[in-house]
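# Results of the structural survey
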Amino acid sequence: MAKTGEVEQKWLLVDATDKIVGRLASEIAMILMGKHRPTYTPHVDTGDYVVVVNAEKIAFTGKKWENKKYAWYTGYTRQRTVSAGVRLEKNPALILEEAVRRMLPKNKLARNMLSKLKVYAGTEHPHTAQQPEPTELAIKA
């Protein structure tokens, strides 16, 4: 059983070019939770850091770019909604961050897990000093 501070956390680099959002997000969520390790413990953060690049080149299946809507409450008497295509133009990293956030448990530990996810729209990222290992996720079978 793992204890807090005993787990050595690695840095992984994922290229999101032409990857499907849901498949990639589920695999990233498993890595952030630490379920890929044999020492997985539910109450301890045993996951690794994940750096995702090329988030603007992510893919949805079907007509989700037009039909999928993201909604949020503004504090006024209505909800704001925006389609996935508009969100891709404004903030492409937010699409993947939201998908991963919704796949993590809903507790304080999940907020710590989500802070280990770094998503960037382009190919550049400021985490070269951590030497992230290139990893291939969400491979189409």
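Scroll up to find the structure.
Figured I'd write up the structure that's included with this text.

Rules used throughout
Residues numbered from 1 in each chain as written. Predicted model: local features only at pLDDT ≥ 70, side-chain atom pairs only at ≥ 80, totals over all residues. Heavy atoms only, no water. Phe/Tyr/Trp six-rings, centres within 6.5 Å; stacked < 30°, edge-to-face > 60°. Helix = DSSP H or I, 4+ residues; strand = E, 2+ residues; numbered from the N terminus. Buried < 20%, exposed > 50% of the residue type's maximum accessible area, 1.4 Å probe, protein only. Lys NZ or Arg CZ within 6 Å of the ring centre and 35° of its normal. Core = buried A, V, L, I, M, F, W, Y, C linked by side-chain atoms within 4.5 Å. Contact = heavy atoms within 4.5 Å. Axes fitted to C-alpha atoms, helices over the stretch in contact; angles between N-to-C directions. Parallel < 35°, antiparallel > 145°, perpendicular 65-115°, else oblique. Left-handed = near helix turned anticlockwise from the far one by under 90°. Nonpolar A, V, L, I, M, F, W, Y, C, P; charged D, E, K, R; others polar.

## Considerations on the packing of aromatic side chains
This structure, assessed with the given rule, holds 2 aromatic pairs. Arranged with centres 4.3 Å apart and planes meeting at 5°, the rings of Trp11 and Tyr49 form a pair that is stacked. Taken together, the residues Trp11 in strand E1 (residues 11-15) and Tyr49 in strand E2 (residues 49-53) connect sequence positions 38 residues apart. Judged by its relative accessible area of 16%, Trp11 is buried. One cation-aromatic arrangement involves Lys68 over Tyr70; the distance from NZ or CZ to the ring centre is 5.3 Å. Here Arg87 stacks its cationic end above the ring of Tyr70, 4.3 Å away from the centre of that ring.

## Some details on the nonpolar core
In terms of nonpolar packing, the biggest core is built from 32 residues, with Leu24, Ile28, Val52 and Leu96 touching the most fellow members. Contributing elements (two or more residues each) for this core: E1, helix H1 (21-33), E2, helix H4 (92-103), helix H5 (108-114) and strand E5 (117-119). With 8 residues, the single largest contributor to this core is H1. Excluding anything up to four places from it in sequence, Leu96 contacts Val21, Leu24, Ala25, Ile28, Val52, Ile58 and Val119.

## A short note on the packing of H1 against H4
Running from amino to carboxyl end, H1 crosses H4 at an angle of 55°, the nearest separation of the two axes being 8 Å. Compared by their axis directions, H1 and H4 come out oblique. Seen from above, H1 lies across H4 with right-handed handedness. In contact with Val21, Gly22, Leu24, Ala25, Ser26, Ile28, Ala29, Leu32 and Met33 of H1, H4 contributes Ile95, Leu96, Ala99, Val100 and Met103. Split by residue class, the contact of H1 with H4 holds 12 nonpolar, 2 polar and no charged.

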